[in-house]
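Observations on the model geometry
For reference, the chains in residue letters:
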Amino acid sequence: MSDKVWFITGASRGFGREWSIAALERGDRVAATARDTSTLDDLVEKYGDALLPLQLDVTDRDADRAAVTQAHDHFGRLDVVINNAGYGHFGMVEELSEDELRAQLETNLFGAVWVTQAALPYLREQGSGHIIQVSSIGGISAFPGIGAYHASKWALEGISQALAQEVAPFGVHVTLVEPGGFSTDWSGPSAKRSEENPAYEPAREAGRARRGGQTPGDPEASSRALLKVVDAEQPPLRVFFGEAPLGIATKDYESRLAQWNEWQPVALEAQG
């Protein structure tokens, strides 16, 4: 029997909700955050005291600290911290306003960092814990029309790889979960969009065609995969969720290596 305590942001829908249910179903306890905790009422009714619903906007650093502290004090420990809260912003780079770009980074990057910082003192003190950062195939590859989203996830990847090395001596693990396309509302109601410039309509159309040819993954099935990651004695730093990401990454990295090698004489020239 498992007896882990989870802290999950963005638990009102999608991965956050499915993973909260998976943890609760096996007897774990969960502090689940949402902007609107009424979305968790049905889970509170079903799971009772095993679920602690917390209202949270992850862009509020003080509120992040308070929520993590409340969860720790309520359950007595923290074992799994999942930074899942986030959204997709659709817009070509030229179309992005400053406010739109900053808002994307505030939620997807800074929100995850603030929650991580709030949890680390507890994890270090107990000498164990697992921080799971919900990244994306968009954290290692990039496509037209979601540059702001890529900026947030590539930054999350870099800071999390550094973090993993920093906290390993304390017995704390870090995993970047990198999903492909799943049947969540990432591109639906939770998404935000820039004002469109007609000059980019051909690129938008190509992007819609590309996404239309993909079979989305099942969020419920992702729960089984996540539990294997959480329960692993030596969890991975990175793990793909879904069928498509490995092929995308392989093609992308082969291209990068080929180009770096092609231009290595210039690199050596720059060395002096």
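Residues numbered from 1 in each chain as written. Predicted model: local features only at pLDDT ≥ 70, side-chain atom pairs only at ≥ 80, totals over all residues. Heavy atoms only, no water.

Looking at an unreviewed UniProt entry, the chain carries the name NADP-dependent 3-hydroxy acid dehydrogenase YdfG, with the source organism given as Microlunatus flavus. Taken from UniProt, the Sequence similarities (unreviewed entry) comment for the chain reads in full: "Belongs to the short-chain dehydrogenases/reductases (SDR) family." (UniProt positions renumbered as here; feature names shortened; annotations may be inferred.)

1. Looking at the UniProt feature "domain: Ketoreductase" (unreviewed entry) in the chain
According to UniProt, the feature "domain: Ketoreductase" (unreviewed entry) maps to residues 4-180 in the numbering used here. Helix and strand shares over residues 4-180 are 47% and 20% respectively, and the end C-alpha atoms of the span are 27 Å apart. (Helix = DSSP H or I, 4+ residues; strand = E, 2+ residues; numbered from the N terminus.)

2. Let's talk about helix α8 (residues 244-262)
In this model, α8 (19 residues) spans 28 Å end to end at C-alpha, consistent with the 27 Å of a helix rising 1.5 Å per residue. All of the buried residues along α8 are Pro245, Ala249, Asp252 and Arg256. Down the axis, α8 shows its buried residues gathered within 75° of arc, on one side only. The exposed residues of α8 that point more than 90 degrees off its buried face are Leu246, Lys251, Glu254, Asn261 and Glu262. Here the buried face of α8 lies against α5 (147-167), β7 (172-179) and β9 (238-241). (Expected span 1.5 Å × (residues − 1). Buried < 20%, exposed > 50% of the residue type's maximum accessible area, 1.4 Å probe, protein only. Arc of directions from axis to C-beta. Contact = heavy atoms within 4.5 Å.)

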